[in-house]
Amino acid sequence: MKIATYNINGINARLPVLLRWLEEQQPDVACLQELKKQQEDFPLEAINNLGYEAIWHGQKSWNGVAILSRVGTPVEIRRGLDGDPEDVQSRYIEADVAGIRIGCLYLPNGNPAPGPKFDYKLAWMQRLNDHAKGLLKSKKPVVLTGDFNVIPTPKDAYKPERWTGDALFFPESREAFAKLLKQGWTDAVRHLHPDETIYTYWDYFRNAFSRNAGIRIDHFLLSDELVPRLKAAGVALDVRGWEKSSDHAPVWIELKD
DNA sequence: ATGACACGTCAAACGTGA
């Protein structure tokens, strides 16, 4: 089974690329972030036509997450995280798909840091970590994936020194991510490729992609039950090179059935 | 240190992203 995550940076502008990607690379499950569309305007028909069912949590202009599946209806477990009833941003959706609990997340960017946006990021990470602990405790096979907006280590950035003042690389962000991993999650891509240069995001400007001046911020975290089933993991670099592509590339894992 | 680009909203710049 192939599961993918893709920050599409606007489902409106990205629909042709999204459909081409689904058609050509056929992920069984696809977690999407940054729909930037209100709930009613999700292009369900076009996605259904390719054999996918979908659940999503939209929001006007910003954020928005979705789980697509062609291996059975995604059964929604929750949208949003506990811990802040005031939080209206669409950044988390969770479903059971083909026997796996899948959490799809779009973690806040947090810039400029320090400041209120960074405070929101750190509070959101705390809420995520609290929820993740419960997921592990359930002993279900769980995948926690999406745009974490965290560069975990210096080797996950083309020029780490350029990111020292950035919320994606701030010590507090990296520590919160490390704390999450320490609960018992496995970073699937790093697990299989410990020393490789792997990026998932490249700026639109300065030919960042052709220079491979990127960062690794889209991650797949696996619960222990799933680690023995992990066959392969990678980044769909070709998709980032397509016309009108997102600034992120899809990331995927392959699990034994 | 700054800005390069892209997207959505809205119909001109501006907020946001990373």
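Structure: see above.
Position numbers for residues start from 1 in each chain and track the written sequence from start to end. For naming, the first written chain is A and the first written ligand is 1, with later ones following in the order written. Where local features are concerned, this predicted model is filtered to residues with pLDDT of at least 70; where side-chain atom pairs are given and counted, the filter is 80 or more; whole-chain, interface and lining totals use all residues. Side-chain numbers here rest on the full set of heavy atoms in the structure, without hydrogens or water.

Peer 1: Outline the pattern of salt bridges, listing residues and values.
Peer 2: We define a salt bridge as a side-chain nitrogen of Lys or Arg found within 4 Å of a carboxyl oxygen belonging to Asp or Glu. Summed over the entire model, instances satisfying the criterion amount to eleven salt bridges. Glu 94 is the partner of Arg 101 in a salt bridge, and the nearest nitrogen-oxygen pair spans 3.4 Å. A 1.4 Å probe rolled over the protein chains alone gives each residue an accessible area, and that area as a share of the maximum for its type sets the label: buried under 20%, exposed over 50%, partly exposed in between. For Arg 101, a relative accessible area of 13% puts it in the buried group. With relative accessibility at 1%, the residue Glu 94 sits in the buried group. Between Arg 206 and Asp 203 there is a salt bridge, with its nearest N and O atoms 3.7 Å apart. By relative accessible area, Arg 206 is classed as exposed at 57%. Each of Asp 156, Asp 187, Arg 190 and Arg 216 takes part in one network of salt bridges that share partners.

Peer 1: Pulling in residues and values, what's your account of the sheet that holds strand 7 (residues 100-106)?
Peer 2: Note: two strands are recorded as paired if DSSP finds a minimum of 2 bridges between them. Secondary structure counts use DSSP, requiring at least four H or I residues in a row for a helix and at least two E residues in a row for a strand, with both numbered from the N terminus. Taken together, six strands build an open sheet; the order of strands is 5-6-7-8-12-9 and the sheet is mixed. In this open sheet, the two strands that pair with only one neighbour each are strand 5 (75-79) and strand 9 (186-187). Note: strand 6 (residues 92-97) against strand 7, six bridges, orientation antiparallel. By the bridge assignment, Val 97 is partnered in strand 7 with Ile 100.

Peer 1: Could you give me a rundown of the protein's contact with DNA strand B, with the residues and numbers involved?
Peer 2: As a structural note, the neighbourhood of DNA strand B is formed by 26 residues, with Ser 61, Asn 109, Asn 149, Tyr 201 and Phe 205 the closest of them. Contact distances for DNA strand B include 3.0 Å between a base nitrogen and a side-chain N or O atom of Arg 206. Broken down by element, the surface near DNA strand B gets its largest block of residues, three residues, from helix 1 (residues 11-25). A per-class count over the surface near DNA strand B returns nine nonpolar, nine polar and eight charged. By convention in these notes, a residue is near a molecule or strand provided one of its non-hydrogen atoms lies within 4 Å of it. Polar contacts, as counted here, are pairs of nitrogen or oxygen atoms within 3.5 Å of one another; within protein the pair requires one atom able to donate a hydrogen and one able to accept it, and residues that are adjacent in sequence qualify only if both atoms are side-chain atoms. Throughout, the ten residues Ala, Val, Leu, Ile, Met, Phe, Trp, Tyr, Cys and Pro are labelled nonpolar, Asp, Glu, Lys and Arg are labelled charged, and all others, Gly among them, are labelled polar.

Peer 1: Describe the packing of aromatic side chains, naming the residues involved and giving the relevant values.
Peer 2: Centres within 6.5 Å make a pair out of two Phe, Tyr or Trp rings, where for Trp the six-membered ring is used; the pair is then stacked when the planes are under 30 degrees apart, edge-to-face when over 60, and tilted otherwise. In total, this model carries five aromatic pairs according to the counting rule given. The interplanar angle of 70 degrees and the centroid separation of 5.1 Å between the aromatic rings of Tyr 6 and Trp 21 together place this pair among those described as edge-to-face. Of the two residues, Tyr 6 sits in strand 1 (residues 2-7) while Trp 21 sits in helix 1, which places them 15 residues apart along the sequence. The same class applies to Tyr 6 as to Trp 21, namely buried. Consider the rings of Phe 148 and Phe 177, whose centres lie 5.6 Å apart with planes at 80 degrees: the pair is edge-to-face. In this pair, Phe 148 sits in the loop between strand 8 (142-147) and helix 4 (171-182) while Phe 177 sits in helix 4, placing the two residues 29 residues apart along the sequence.

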